[in-house]
Amino acid sequence: MHVKPAPSPFQRLVACCRRLAEGRGASPRAQDVLAALSCLALMALDLPGLAAADNSLNGAGAAVVLTVGCSTLLLRRRMPWAAYLTALLFIGWLHELTLIQFALYSVGRYRGRRAAVLATVGYLAFTVSVFCVPGWPEPRAATLSAFLGLVVPIGVLASAVGIAAYRHDLVRELEARRAESAVLNAVQEERTSVARDVHDFVGRELTLLTVRSEVLSMRARETPYAKDFEELSDTARRAHLVLNEIIVQRGERAATPGVDGLAALAEESGRAGSPVRLAMDPQAHGLSPLRQAAVYRVVQECLTNAAKHARGETIEVSVRADGPHVRIAVSNGLPAGAPGRAPVSAGSGTASMAERVRSLGGTLTATRTPDSYEVVAVLPRG
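Here is what the cut-offs are and how they apply
- Residues numbered from 1 in each chain as written.
- Predicted model: local features only at pLDDT ≥ 70, side-chain atom pairs only at ≥ 80, totals over all residues.
- Heavy atoms only, no water.
- pLDDT = per-residue confidence, 0-100.
- Helix = DSSP H or I, 4+ residues; strand = E, 2+ residues; numbered from the N terminus.
- Contact = heavy atoms within 4.5 Å.
- Axes fitted to C-alpha atoms, helices over the stretch in contact; angles between N-to-C directions.
- Parallel < 35°, antiparallel > 145°, perpendicular 65-115°, else oblique.
- Left-handed = near helix turned anticlockwise from the far one by under 90°.
- Nonpolar A, V, L, I, M, F, W, Y, C, P; charged D, E, K, R; others polar.
- Disulfide = S-S within 2.5 Å.
- Pairing = 2+ DSSP bridges.
- Core = buried A, V, L, I, M, F, W, Y, C linked by side-chain atoms within 4.5 Å.
- Buried < 20%, exposed > 50% of the residue type's maximum accessible area, 1.4 Å probe, protein only.
- Lys, Arg positive; Asp, Glu negative; His and termini not counted.
- Salt bridge = Lys/Arg side-chain N within 4 Å of Asp/Glu carboxyl O.
- Polar contact = N/O pair within 3.5 Å; in protein donor to acceptor, adjacent residues only side chain to side chain.

1. What about the confidence of the model for the protein chain?
Taken as a whole, the protein chain shows an average pLDDT of 77; of its residues, 77% reach a score of 70 or greater. The spread of mean pLDDT over the elements of the protein chain runs between helix α1 (residues 9-24), the lowest at 57, and helix α6 (residues 98-111), the highest at 91. Scored below 50 in pLDDT, residues 248-254 makes 24 contacts in the model with residues more than four places away or belonging to other chains. For the stretch residues 338-347, pLDDT sits under 50, and the model shows 17 contacts to residues farther than four places along the chain or on other chains.

Quick look at the structure:
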């Protein structure tokens with residue numbers, strides 16, 4: 001039996017650091033702490049030199065000062081200029097260039113390009129002015145160009161990396177917002193598709209239920225069941241009102257019955273008290289599914305409107321494949337008097353029908369006369 005050797009202390013340390021990075025490394029606070037500790041570790045390498053070159057600080061004092069200076073990086077997201085000003089102080093007092101690299105990166109990362117350029121120019125101007133002070137740095141660089149060859153790349157590189165990270169953050173945020181917007185749009189489209197189907201099918205059934213219950217209520221007016229039929233009619237009307245208030249009627253779904261479903265529509269309308277005479281060209285069965293769905297929706301909406309506004313009147317439905325076009329005509333007579341109660345309507349069915357026809361390159365016209373109402377839709381064949 002093979003037994004794995006026990007991990008060494010170094011391997012356990014590496015594994016512990018990996019778990020820490022995976023668990024907390026992504027948090028902003030952990031990143032700020034890591035940046036401060038990294039800067040302190042780099043500057044700690046120069047502690048012996050600082051103690052030897054600066055009479056004002058001993059080794060312990062330098063360690064405290066550097067720790068306080070690095071702690072400003074904990075505020076680099078909200079106050080990056082605090083670390084920047086502290087870094088300039090370190091340059092003039094301790095001749096230390098480590099903190100300024102982290103500070104310039106922080107300004108570019110969290111304040112953008114303009115602030116990073118301003119901070120870099122200020123850093124270069126400050127270091128040049130300090131270079132001109134007698135006795136700094138020790139040993140003094142031979143020439144100004146040699147000195148700038150050290151400080152310029154440090155500042156420019158740190159700022160450039162910060163600006164690149166700032167732009168990367170902007171792009172990542174934009175992509176996240178786009179993805180969120182795409183998800184919201186997809187959800188909204190699905191909701192409106194369901195709403196459209198509810199309007200087309202459930203709304204129609206509620207309309208027919210309302211009409212039928214009112215007819216039965218009138219027939220049973222002199223019977224003991226009259227009150228029950230009136231309550232049924234009122235309930236159906238209230239349900240239709242609630243449906244129209246809740247559903248936001250936008251968008252629609254193409255999965256709709258074709259011309260084969262027109263006979264069933266006509267039969268339902270007849271049972272509701274509005275007989276239908278359907279005349280359909282056999283060539284209409286050869287239309288594309290998209291065209292057939294449009295024909296079905298146009299006829300369906302017209303029959304629903306006729307049941308609302310002209311109950312009891314005969315409805316003429318004609319579907320003809322006329323050359324390169326398909327012509328749908330739906331007409332019905334209008335009752336002599338206005339109905340006792342206005343029908344429930346959301347007012348968007350006709351607009352939706354016209355929009356569907358126009359989206360397919362067709363036209364829709366509605367003509368009303370004192371005696372009749374006619375809707376004619378013309379679609380290109382396909």
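There's more to say after this.
2. Structural notes on the packing of helix α5 (residues 80-94) against helix α7 (residues 113-131)
The relative placement of two packed helices is expressed as an angle between their axes plus a distance between the axes. The contact between α5 and α7 brings their axes to 11 Å, and the two run at 15°. Regarding the angle of α5 to α7, the classification is roughly parallel. The handedness of the crossing between α5 and α7 comes out as right-handed. From α5, W81, Y84, L88, I91 and G92 reach across to α7, where they touch A115, A119, G122, Y123, F126 and T127. Broken down by class, the residue content of the contact of α5 with α7 amounts to eight nonpolar, three polar and no charged.

3. Here's the deal with the state of the cysteines
Counting across every chain of the model gives zero disulfides. C70 provides the cysteine sulfur closest to C39, a residue in no disulfide bond, and the two sulfurs are 3.7 Å apart.

4. What to know about the pairing of strand β5 (residues 372-380)
When strand β3 (residues 325-333) meets β5, the two strands line up antiparallel, connected through nine bridges. Looking at β5, one finds that N332 is bridged to Y373. One ladder, built from six bridges, connects strand β4 (residues 363-368) with β5; its direction is antiparallel. Paired with L364 across the two strands is A377, which belongs to β5. Between β4 and β5, which pair antiparallel in sequence order, lie three residues.

5. Here we look at the sheet that holds strand β2 (residues 315-322)
One open sheet accounts for five strands, arranged β1-β2-β3-β5-β4; its pairing is mixed. Two strands close off the open sheet at either side, each with one partner strand: β1 (276-280) and β4. Looking at each pair of strands side by side, their axes are set apart by 10° on average, direction ignored. Here helix α10 (residues 262-271) sits on the sheet and contacts β1 and β2; the angle it forms with β1, its principal contact strand, is near 165°.

6. Notes on the nonpolar core
Membership of the largest hydrophobic core comes to 28 residues, with the highest contact counts inside it found for Y84, I100 and Y123. Of all the elements in the fold, those that place two or more residues in this core are α2 (28-44), α4 (59-71), α5, α6, α7 and α8 (144-219). No other element matches the seven residues that α5 contributes to this core. Counting 27 residues, the second-largest nonpolar core is a separate cluster that includes A266, V295, I328 and L379.

7. Considering the side chain of E96
Within the secondary structure, E96 sits in the loop between α5 and α6. Buried charge without a salt bridge: E96, with R76 as the nearest opposite-charge side chain at an N-O distance of 16 Å. Side chain to side chain, E96 and T98 meet in a polar contact 2.4 Å long.

8. Focus on the pattern of salt bridges
Per the counting criterion, the structure on display carries six salt bridges. With its nearest N and O atoms 3.0 Å apart, the salt bridge here joins R77 to D32. One end of the pair, R77, is in the loop between α4 and α5; the other, D32, is in helix α2, with 45 residues separating them in the sequence. Classification of D32 by relative accessible area gives buried; the value is 3%. Note that R271 is salt-bridged to E267, the shortest N-O span being 3.3 Å. In this pair, R271 and E267 are both assigned in helix α10, four residues apart and thus about one turn of the helix distant. Side by side, R271 and E267 carry an identical accessibility label, which is exposed. In this structure, a network of salt bridges that share partners links the residues D32, R76 and R77.

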